[in-house]
Every structure is written in structure tokens, then in C-alpha cells.
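These are the residues of each chain, in order.
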Amino acid sequence: NAAAKMGDRAHDLVAWVMHSKSLHDIYAAAVANGNQLFQIGNVYVTQDGFGRLLIMTDSPSLFQTAGAPAVTSYNILGLQENALRVKDSNDLFSNIYTPNGTDTLKTTIQSEWTYTVGARGFKWDMTEGQAPANSSLLVGSNWLPVAESHKNLPGVLLKVL
């Protein structure tokens, strides 16, 4: 149903990002899938019947619990290609320091680099600065919409219980 929001561009969704409960609910509904592609830490990547990646992680951003009695709802993100981009700027700078005159040698290495971040259909609000803190990147109002259609945004959001 969430893919249908993309209309004739539903095939542009290339991945679903979801909490493990949501993925196991899909499995319980008998969606055939025997392709576990790979695992990175606690993130599992498989495929759905349309060849889209199913990315499972128990990120706290993928669920909310509210009310009394507590009800938990889950977010499933359907993402298009290049929905979110992080590009290394190839400007790694490192400093290696090993002082002499101590009983043992101790070496410290400090490195810095920059990267470019983007979200499909949005541009960064430059009044927030060219080199924002990582926490600023998570503030929705810092990203200005430039897409002419919802089909040119990163994807769709499905909320389920």
C-alpha cells in the first residue's frame, strides 16, 4: 500500500528499512523470501518478492510507544535510489605524533575529513551554515523542499501497529 503512493513510479522504490518486528510480521504473512544477502552488525539485508532490499534494524527511530495502555507503532521507510547520500570529499588529513624520551613509545593518530550529505528532493538551508554539526542534519526544518512532486522525494513512510 505504501508503494502505491508512488503511483506509476512505485518501481523506483529500491529498499524497505524496518524494525525487526515489522519484518517478522511480513514473514508471518507468508511472503516467500529465502535470500539473506548480508549482515553488518545488527543490520540484516534481505529482498522482497520485487527484488527490493529489506533492511532490518531495531533503530529507535523506527518505532514509537505512546498512550495508556502503551501502544507501539512502527515506521517502515520505502526508499528510492539516491534517497540519502553521503559522499567522502577525499580530503583526509592525519597527524601522527610519537614523542621520544619516555619509557615506552606512545603514538597518537588524529584524523579529520569532510563529507557531503544530501536528501533527494531537498536542499540544505545555508542559513544553518556550510559545516553543520551532525545533530543539525537530523532537524527536518534545516532541509528545504525543492521537489516538484512527492514522487521526487526520498520515498514513502508506512506506519503500522
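Keep in mind the model is a prediction, meaning the values are calculated, not measured.

Student: So what about the overall build of the protein chain? Which residues, and what values?
Tutor: In terms of helices and strands, the protein chain carries 2 helices and 13 strands. Its C-alpha atoms put the protein chain at 65 × 40 × 40 Å along the principal axes. Counting only contacts in the protein chain whose residues sit at least 6 apart along the sequence, the fraction spanning at least 24 positions is 58%. Accessible surface, the protein chain as shown: approximately 11200 Å² in total, 57% of it carbon and sulfur. In the protein chain, the 11 positive side-chain charges and the 13 negative ones have mean positions that sit 8 Å from each other.

Student: Help me get a handle on the side chain of His19, residues and values and all.
Tutor: In this fold, His19 is placed in the loop between β1 (13-18) and α1 (20-28). Aside from chain neighbours lying at most four places away, what touches His19 is Met56, Thr57, Asp58, Ser59, Leu62, Phe63 and Tyr74.

Student: Explain unusual backbone geometry residue by residue, including any values.
Tutor: With an omega dihedral of 5 degrees, the bond running from Ala68 to Pro69 counts as a cis peptide bond. Among the secondary structure elements, Pro69 is positioned in the loop between β5 (63-66) and β6 (71-80). The residue Asn82 is not glycine, and still its phi comes out positive at about 60 degrees. When you line up the elements, Asn82 lands in the loop between β6 and β7 (84-88). For Asn90, which is not glycine, the phi dihedral falls at a positive 55 degrees. Checked against the element boundaries, Asn90 lands in the loop between β7 and β8 (93-97).

Student: So, the pattern of salt bridges: which residues are in play, and what are the values?
Tutor: In this structure the tally under the stated criterion is 3 salt bridges. Across the pair Asp8 and Lys151 runs a salt bridge, and its minimum N-O distance is 2.8 Å. A residue pair is termed long-range when its members are at least 10 positions apart, and Asp8 in the segment before β1 and Lys151 in the loop between β12 (143-145) and β13 (155-160) qualify at 143 residues. Residue classification places Asp8 among the exposed positions, given a relative accessible area of 60%.

Student: So what's going on with the nonpolar core? Which residues, and what values?
Tutor: Of all hydrophobic cores here, the largest spans 12 residues; its members are Ala2, Ala3, Met6, Ala10, Leu13, Trp16, Met18, Leu23, Leu54, Met56, Ile76 and Val156. Secondary-structure elements contributing two or more residues to this core are β1 and β4 (53-56). The element best represented in this core is β1, accounting for 3 residues. When residues no more than four places from it in sequence are discounted, the contact partners of Ala2 are Trp16, Val156 and Leu158.

Student: Any chance you could break down α1 for me, citing the residues and the numbers?
Tutor: Listing the buried residues of α1 in full gives Ser20, Ser22 and Leu23. With its buried residues spanning 165 degrees around the axis, α1 presents them on a single face. In this structure, the buried residues of α1 make contact with β1, β4, β6 and β13.

What counts, and where the lines are drawn
Residues numbered from 1 in each chain as written. Predicted model: local features only at pLDDT ≥ 70, side-chain atom pairs only at ≥ 80, totals over all residues. Heavy atoms only, no water. Helix = DSSP H or I, 4+ residues; strand = E, 2+ residues; numbered from the N terminus. Contact = heavy atoms within 4.5 Å. Areas by Shrake-Rupley, 256 points an atom, 1.4 Å probe, with all protein chains shown as cover. Lys, Arg positive; Asp, Glu negative; His and termini not counted. Charge placed at Lys NZ, Arg CZ, Asp CG, Glu CD. Salt bridge = Lys/Arg side-chain N within 4 Å of Asp/Glu carboxyl O. Buried < 20%, exposed > 50% of the residue type's maximum accessible area, 1.4 Å probe, protein only. Core = buried A, V, L, I, M, F, W, Y, C linked by side-chain atoms within 4.5 Å. Arc of directions from axis to C-beta.

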